[in-house]
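Notes for the structure review
Listed here are the chains, written in short residue letters.
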Amino acid sequence: MSREKPKRTTLPPVQENIDKLEKAINEGNSYGSQQMYKSISARYVSAQRYSEALDLLHSGACLQLKHGQVTCGAELAVLFVETLVKGKIPYDEDILDRVRKIYKVFPQIPLPSNLGVDDDVQELTEALGAAKTRVEGCSSFLRAAIKWSAEFGAHRNGDPELHVMLAEYIYSESPELCYPGEGDMAIARAVLLYLSMGNLRDANCLMDELKEQVASQELNFPQSDLIQFISCLLLTLETEALPLFNILRVNFTSSIDREPAFNALLDDIAEKFYGVKRRNPLEGMFGELFKMT
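Because the structure is a prediction, the values reported are computed rather than measured.

With that out of the way, let us pick up the overall build of the protein chain. Across its full length, the protein chain holds 14 helices and zero strands. The helix and strand sequence of the protein chain, counted from the amino end, reads α-α-α-α-α-α-α-α-α-α-α-α-α-α. Residue pairs at least 24 apart in sequence account for 66% of intrachain contacts in the protein chain once pairs closer than 6 positions are excluded. Accessible surface computed for the protein chain: about 16,600 Å², of which carbon and sulfur atoms make up 53%.

Take a look at the structure:
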């Protein structure tokens, strides 16, 4: 007895789904729509209808972000890039323009500066949490886009414009800008992020651009031991001087330790520029245990 072949599901034109989900979001059903965007786009991808999946995800990401749903919008934005990779979509100006459009609708809300001790704690906590969500969401999207662009036709380090977007967003939305004297943390994070990807050129460009922006606004560029470390690091990475790199890390330990993530980024930088393999932290632990046996 022969078995019947399973019927293939016929997918409707993507615009029907775009219109339906747009209506749902406009009516306030962001969460339910999010699940539909993910499941419907997965069906288009499964059918290798990548163009329609991209149209759906692009529309959803922009719409969620416009409605202030940063977590939902960022998730769809990352899925948009993942679909580019799955479909092996080549880097070109049209796709780059779609990435730009998503980036432009990410909320960019200036954080209050020089907050005093009398400011409402709950209000400040909420502002910091929202800023962190925006930075993490946009960073995840742009990092994925940079990786895609490098793999599918752009510069080997990724499209330079995407790097600029990433740096500007990290700096402009960084929670550290809420606190007096903490702007150097935002600058260091953006520069180290570039360097951790092996991109010395754009790290230098970022520093120059920030200095120009600060000067144009008649403000003082942050001066601190951390900024001094970043400046020395940029010069050191122009050379093959691994010993000098290590000396810098030791001499500026107190500044680097202000942010736990900085040491991990510096380990990535050592590997990218000097071929230093990252040590498995378990090796030291087990080595000590074996000595005790």
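This brings us to the confidence of the model for the protein chain. Taken as a whole, the protein chain shows an average pLDDT of 83; of its residues, 83% reach a score of 70 or greater. Scored below 50 in pLDDT, residues 1-8 shows zero contacts in the model against residues more than four places distant or in partner chains. In the model, residues 281-293 has pLDDT below 50 throughout and makes one contact with residues more than four positions away in sequence or in other chains.

Attention now goes to the packing of aromatic side chains. Taken as a whole, this structure holds six aromatic pairs when the rule is applied. Ring centres 6.1 Å apart and planes at 70 degrees place the aromatic pair Y103 and Y169 in the edge-to-face group. Taken as a pair, Y103 in helix α5 (residues 93-105) and Y169 in helix α7 (residues 160-173) lie far apart in primary sequence, 66 residues in all. The same class applies to Y103 and to Y169, which are both buried. Judged by centre distance (6.0 Å) and plane angle (20 degrees), the ring pair of F106 and F141 falls under stacked. Residue F106 is found in the loop between α5 and α6 (121-151), and its partner F141 is found in helix α6; the two are separated by 35 residues along the sequence. You can call F106 buried: its relative accessible area is 2%. Given the relative accessible area of 0%, F141 is considered buried. An aromatic cluster is present here, built from Y103, F106, F141 and Y169 joined pairwise through their rings.

This next bit is on the nonpolar core. General note: in soluble globular proteins, nonpolar side chains tend to be found buried as a group. With 82 residues, the main nonpolar core has I102, F106, F141, V191, L192, L195 and F229 as its most contacted residues. The dominant element in this core, judged by the number of residues it contributes, is helix α8 (residues 183-196), at ten residues. The contact partners of L192, leaving out residues within four places of it in the chain, are I230, L233, F262, L265, L266 and I269.

Our focus in this paragraph is helix α1 (residues 14-26). Because each turn of an α-helix spans 3.6 residues, side chains separated by three or four positions end up pointing in the same direction. With 13 residues, α1 ought to run about 18 Å at 1.5 Å a step, and its terminal C-alpha atoms sit 18 Å apart, in line with that. Of the positions making up α1, those classed as buried are V14, N17, I18, L21, A24 and I25. Summarising the axial view, the buried residues of α1 lie within an arc of 130 degrees, below the 170-degree limit, and thus occupy one face. Buried-residue contacts for α1 involve α2 (30-46) and α3 (50-66).

Residue placement: E240 occurs in the loop between α10 (225-236) and α11 (242-251). For E240, a relative accessible area of 71% translates into the label exposed.

This paragraph deals with the pattern of salt bridges. Under the counting rule described, the total for this entry stands at ten salt bridges. Across the salt bridge formed by D55 and R98, the nearest N and O atoms sit 2.8 Å from each other. Of the two residues, D55 sits in helix α3 while R98 sits in helix α5, which places them 43 residues apart along the sequence. We classify D55 as partly exposed; its relative accessible area is 27%. Classification of R98 by relative accessible area gives buried; the value is 16%. Of the charged contacts, one joins E259 and R189 as a salt bridge, the two residues approaching to 2.9 Å between their closest N and O atoms. Separated by 70 residues along the polypeptide, E259 in the loop between α12 (253-256) and α13 (260-274) and R189 in helix α8 bring together distant segments of the chain. One network of salt bridges, in which partners are shared, links E93, D97, R100, K101 and E161.

Attention now moves to the packing of α8 against α10. Relative orientation of the contacting elements α8 and α10 amounts to 20 degrees, with a least axis distance of 9 Å. Judged by the angle between their axes, α8 and α10 are roughly parallel. Between α8 and α10 lies a crossing whose hand is left-handed. The segment α8 lies against α10, with D184, M185, I187, A188, V191, L192 and L195 engaging L226, I227, I230, L233 and L234.

Calculation criteria
- Residues numbered from 1 in each chain as written.
- Predicted model: local features only at pLDDT ≥ 70, side-chain atom pairs only at ≥ 80, totals over all residues.
- Heavy atoms only, no water.
- Helix = DSSP H or I, 4+ residues; strand = E, 2+ residues; numbered from the N terminus.
- Contact = heavy atoms within 4.5 Å.
- Areas by Shrake-Rupley, 256 points an atom, 1.4 Å probe, with all protein chains shown as cover.
- pLDDT = per-residue confidence, 0-100.
- Phe/Tyr/Trp six-rings, centres within 6.5 Å; stacked < 30°, edge-to-face > 60°.
- Buried < 20%, exposed > 50% of the residue type's maximum accessible area, 1.4 Å probe, protein only.
- Core = buried A, V, L, I, M, F, W, Y, C linked by side-chain atoms within 4.5 Å.
- Expected span 1.5 Å × (residues − 1).
- Arc of directions from axis to C-beta.
- Salt bridge = Lys/Arg side-chain N within 4 Å of Asp/Glu carboxyl O.
- Axes fitted to C-alpha atoms, helices over the stretch in contact; angles between N-to-C directions.
- Parallel < 35°, antiparallel > 145°, perpendicular 65-115°, else oblique.
- Left-handed = near helix turned anticlockwise from the far one by under 90°.

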